[in-house]
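The residues making up each chain are set out below.
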Amino acid sequence: MGEKKLNIEELSIWDDAKQMLRKAERDGIETAWDRLQQQSPHCKFGESGVCCRICTMGPCRISKKAPRGVCGADADVIVARNFGRFVTGGAAGHSDHGRDCIEALHAVAHGETEDYSIKDEAKLLRIAEEVGISTKGREPLDVAKDLAAEFFENYGTTKNELSFIGRVPEKRRELWANLGITPRGMDREIAEMMHRTHMGCDNDAANTMLHAARTCLADGWAGSMIATEVSDILFGTPSPRKAQVNLGVLKEDQVNILVHGHNPIVSEKILEAVNEPEMIALAREKGAAGINLAGLCCTGNELMMRNGIPMAGNHLMTELAIVTGAVELIIVDYQCIMPSLVQVGSCYHTRMVTTADKARFTGAEHVKFQMDNGMEQARKVVRMAIDRYDLRDQARVEIPQGPVDIVTGFSNEAILQALGGSLTPLIEAIKAGKVRGVVGIVGCNNPKYKHDYCNVNLTRELIKKDILVIVTGCVTTAAGKAGLLVPEAIDQAGPGLQEICGALGIPPVIHMGSCVDNARILQLCAMLANELGVDISDLPVAASSPEWYSEKAAAIGTYAVASGIYTHLGHPPNITGSELVTNLVLSGLDDLIGACFVVEQDPFKAANLIDERIKSKRTALGLAA
Ligand code: XCC
Ligand code: SF4
């Protein structure tokens, strides 16, 4: 390949990752880090967002010599259009996932499936009442029919209002209305963004950016929120429980199955199938001690939150999990699944199985999951995994040791319960300065960073400053591996947080779920704001995605900012080719919607910036900084 040899010590902060990177090198396996090197340096036009491929008069790229594309579009217009389409891809991902959840709810309600059911009836009824569906004296399944129909409306264009708009603080709703960015419906905002960014349509960068905000707001307050709430109804609302993280959760003497992707609709069925006595007996017949299920990325978060299933790793660990040589099968649905997993798997005995027609991978086996065959397909996949146990070459197996304990399962319902039924104790702790603020650290890994270095160090720095941290997505595994997701981690927190979390018996870093579950954080912020009678932008809260990579992460950041939450990113999106757009995002939005992005790669400096913001919000509320 002719590249420089990678310096493995510099690629990740984790021993399990480095051990597997050394094994990958020995086994001749190419990873994302190798390919990043092949792709570097990246194209400057693409990186700064000034490359336009929207029509065939182009492609055009903006430079000093050529400040406008063939049609006359300048850097501002091109950057805003690219950014608009970028976040719209993310919003589409979350909300299409949400739609799949509603389809499952609809199928259950209409008796079209025996494979799924309502696990949390109380939540079904509570959410139905919240969105205006009467529940008195009605059969739960009847209510579920109405709720599914109501949620489908969030995707259409007739109702033009989101089911959960009532959760948004009044001041925020007024602000959105004044700016013309009240989200109307998922599919509508997404389609309109594609329309606006066609050649010759929306040629005012600021106007395009406002619609980007609107599209992302539909994601946060509808697509993602519906995905979360319906998943709780179907699979149970998470409550605190123990689990373990890192590659040490794989078992040398068992059939190892990894679930990867996002939607619990597939992974929950696999979990049921691996626990069936016939399956365990079959595995034993093949000489395995049992069947071991572990998660990756967000579907791993979903299974961990609800069932305590261990997490093998986050985004950059997905290739390395296969490099252990101990994985019989990896089953995926959609999003964040590197196509390279097929190739890495084929270097061992690992079979990759896809389940969704919208996410197929050449070289993987396709086992299509539908509402009415989930259980049957899950058994089929588990049998496939058991059959491959024989093919494992034990001489090539190397599993890093020492999984780390964590506590997971903090839904808002669980937090309220831990607080004794109301938010008052948390609000009192915030007022007293014992919990100075709350920050959600969310999102991904990106091989451009030393793996998890920023995720972990930012988390550590914030809890030292008595700031309660909430984690979701791939940051969860980072915080977990660092030993921060257990109550004992209060030793690393400031005195105030130590006192409060100690009294409640909770960790100073709280795991709230997958990436769609960032909607839980939105809801928590809204509840705090409503309780205090202020806007979300008045709260001493912030968000951060230090090592983000995906369109979805950018959509989350954008809905956080548009909801009034100051949001830190480790690196900017591809917008720096437009001064106008960059200034809007980094400061102009603050005047417009009371929050903006801040970009800082160094986690220690980022912690200070977030701390300064929290101080200023506390002072404005009349609280000691
Ligand atoms: Fe994907 Fe959700 Fe990012 Fe992880 S955190 S790399 S988006 S799996 Ni969502
Ligand atoms: Fe070039 Fe304009 Fe076409 Fe973009 S839309 S490729 S800037 S001509």
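Check the entry above for the structure.
Calculation criteria
Residues numbered from 1 in each chain as written. Chains lettered and ligands numbered in written order. Predicted model: local features only at pLDDT ≥ 70, side-chain atom pairs only at ≥ 80, totals over all residues. Heavy atoms only, no water. Pairing = 2+ DSSP bridges. Helix = DSSP H or I, 4+ residues; strand = E, 2+ residues; numbered from the N terminus. Phe/Tyr/Trp six-rings, centres within 6.5 Å; stacked < 30°, edge-to-face > 60°. Buried < 20%, exposed > 50% of the residue type's maximum accessible area, 1.4 Å probe, protein only. Lys NZ or Arg CZ within 6 Å of the ring centre and 35° of its normal. Salt bridge = Lys/Arg side-chain N within 4 Å of Asp/Glu carboxyl O. Core = buried A, V, L, I, M, F, W, Y, C linked by side-chain atoms within 4.5 Å. Contact = heavy atoms within 4.5 Å. Near = heavy atom within 4 Å. Nonpolar A, V, L, I, M, F, W, Y, C, P; charged D, E, K, R; others polar. Domains from an automatic or database assignment.

A. Local environment of the pairing of strand S8 (residues 351–354). Inspection of the sheet shows strand S7 (residues 329–332) paired to S8 by four bridges, in the parallel sense. Each bridged residue has a counterpart across the sheet, and for Ile331 the counterpart in S8 is Val353.

B. Representation of the packing of aromatic side chains within the structure. Within this structure, the stated rule accounts for four aromatic pairs. Consider the rings of Tyr116 and Phe235, whose centres lie 6.2 Å apart with planes at 75°: the pair is edge-to-face. With a gap of 119 residues between them, Tyr116 in the loop between helix H4 (75–109) and helix H5 (121–130) and Phe235 in helix H9 (residues 205–235) connect regions that are remote in the sequence. According to the relative accessible area criterion, Tyr116 is buried, its value standing at 5%. We classify Phe235 as buried; its relative accessible area is 8%. Relative to Phe164, the ring of Phe151 lies with its centre 5.6 Å away and its plane at 45°, an arrangement referred to as tilted. One end of the pair, Phe151, is in helix H6 (residues 140–152); the other, Phe164, is in the loop between H6 and helix H7 (170–179), with 13 residues separating them in the sequence. Each member of the pair, Phe151 as well as Phe164, carries the same accessibility label: buried. A cation over an aromatic ring shows up here: Arg167 above the ring of Phe164, its NZ or CZ 4.0 Å from the ring centre. When the ring centre of Tyr116 is taken as reference, the NZ or CZ atom of Lys269 above it lies at 4.7 Å.

C. Up close: the pattern of salt bridges. Under the definition given, this model contains 45 salt bridges. The partner of Glu499 in a salt bridge is Lys434, and the shortest N-O contact between them spans 3.1 Å. One end of the pair, Glu499, is in helix H20 (residues 495–504); the other, Lys434, is in the loop between helix H17 (424–431) and strand S11 (437–441), and 65 residues separate them in sequence. Owing to a relative accessible area of 43%, Glu499 belongs among the partly exposed residues under this scheme. On the basis of relative accessibility, which here comes to 30%, the residue Lys434 falls in the partly exposed class.

D. Highlighting the nonpolar core. Within the largest apolar cluster, 186 residues are counted, with the highest numbers of intra-cluster contacts made by Leu105, Leu147, Trp221, Leu258, Met352 and Leu462. Looking at this core element by element, the count peaks at 16 residues for H9. Leaving out residues up to four positions away in the same chain, Met352 has contacts with Ile330, Val332, Ile337, Leu341, Val342, Phe361, Ala364 and Glu365. Judged by nonpolar contacts, the second largest core, of 28 residues, contains Leu303, Val353, Met375 and Ala378.

E. Inspection of the site of ligand 1 at higher detail. Near ligand 1 the following residues occur: His262, Cys297, Cys298, His315, Cys336, Gly443, Cys444, Cys474, Cys515, Tyr549, Ser550 and Lys552. Partitioning the shell around ligand 1 into residue classes produces seven nonpolar, four polar and one charged. Here the shell around ligand 1 spans two domains, and each of domain 3 (243–396) and domain 4 (409–620) adds at least three residues to it.

F. Broad picture of the site of ligand 2. Close to ligand 2 lie Cys52, Ile54, Cys55, Met57, Gly58, Cys60, Gly69, Val70, Cys71, Ile78 and Arg81. Taken together, the residues of the shell around ligand 2 sort by class into eight nonpolar, two polar and one charged.

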